[in-house]
Amino acid sequence: MLGSAGAHSGPFGCSALARVLPSSTAAGWRERAGVLVHLAIAIVLGAANFSEAEQLQLHQRPLFGPAASDSTARRTLAALDEATLAKIAKTRARVRRQVWSLLHLRPGGFPWLTVAGNG
């Protein structure tokens, strides 16, 4: 089911997010949507600063691909103006609605997890 949700919303919503962020075909350009999603994942995993985020991304490289440097993360965040933040919020809401719609169609609803007896 989650694979199906990803197919409709892009990997972690990156494809929808990429449409509202600056892009380039220049060599060495990092897709800004991927940088933001990887940064968010690193924060969820416990990163408290850019250096820790980069280290967590390096550790998770087989799952998420090459890590963005801390300077790339800084430049990406610095470039987010109010208009771009509003576009990101609208995109996030749209992707979230789509994923929840797909989960609603799943028999049993949201696949709650139990980890170490907690769930």
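Residues numbered from 1 in each chain as written. Predicted model: local features only at pLDDT ≥ 70, side-chain atom pairs only at ≥ 80, totals over all residues. Heavy atoms only, no water.

Q: So what exactly am I meant to see when it comes to a positive patch on the surface here?
A: On the surface, a cluster of positive charge is contributed by R19, K90, R94 and R97. Checked against the element boundaries, K90 lands in helix α7 (residues 82-105). According to the relative accessible area criterion, K90 is exposed, its value standing at 65%. (Patch = residues over 30% accessible without salt bridge, like charges linked within 9 Å, V, L, I, M, F, W, Y side chains within 5 Å. Areas by Shrake-Rupley, 256 points an atom, 1.4 Å probe, with all protein chains shown as cover. Salt bridge = Lys/Arg side-chain N within 4 Å of Asp/Glu carboxyl O. Lys, Arg positive; Asp, Glu negative; His and termini not counted. Charge placed at Lys NZ, Arg CZ, Asp CG, Glu CD. Helix = DSSP H or I, 4+ residues; strand = E, 2+ residues; numbered from the N terminus. Buried < 20%, exposed > 50% of the residue type's maximum accessible area, 1.4 Å probe, protein only.)

Q: What's the story with the side chain of Q57 in this structure? I'm lost.
A: Its location among the elements puts Q57 in helix α4 (residues 50-59). With residues near it in sequence (within four places) discarded, Q57 still touches H38, L39, A67 and A68. (Contact = heavy atoms within 4.5 Å.)

Q: Just to check I follow, could you spell out a nonpolar patch on the surface for this structure?
A: A contiguous nonpolar patch, built from W100, F110 and W112 and spanning about 390 Å² of accessible area, is present on the exposed surface. Topologically, W112 is positioned in the segment after α7.

Q: Would you mind showing me how to read the packing of helix α3 (residues 32-44) against α4 here?
A: When two helices pack together, their arrangement is given by the angle between the helix axes and the distance between those axes. Taken N-terminus to C-terminus, the directions of α3 and α4 make an angle of 100°; their axes are 9 Å apart at the nearest point. In terms of orientation, α3 lies roughly perpendicular with respect to α4. Where α3 abuts α4, its residues H38, L39 and A42 lie against F50, A53, L56 and Q57. Partitioned by chemical class, the residues of the contact of α3 with α4 number five nonpolar, two polar and no charged. (Axes fitted to C-alpha atoms, helices over the stretch in contact; angles between N-to-C directions. Parallel < 35°, antiparallel > 145°, perpendicular 65-115°, else oblique. Nonpolar A, V, L, I, M, F, W, Y, C, P; charged D, E, K, R; others polar.)

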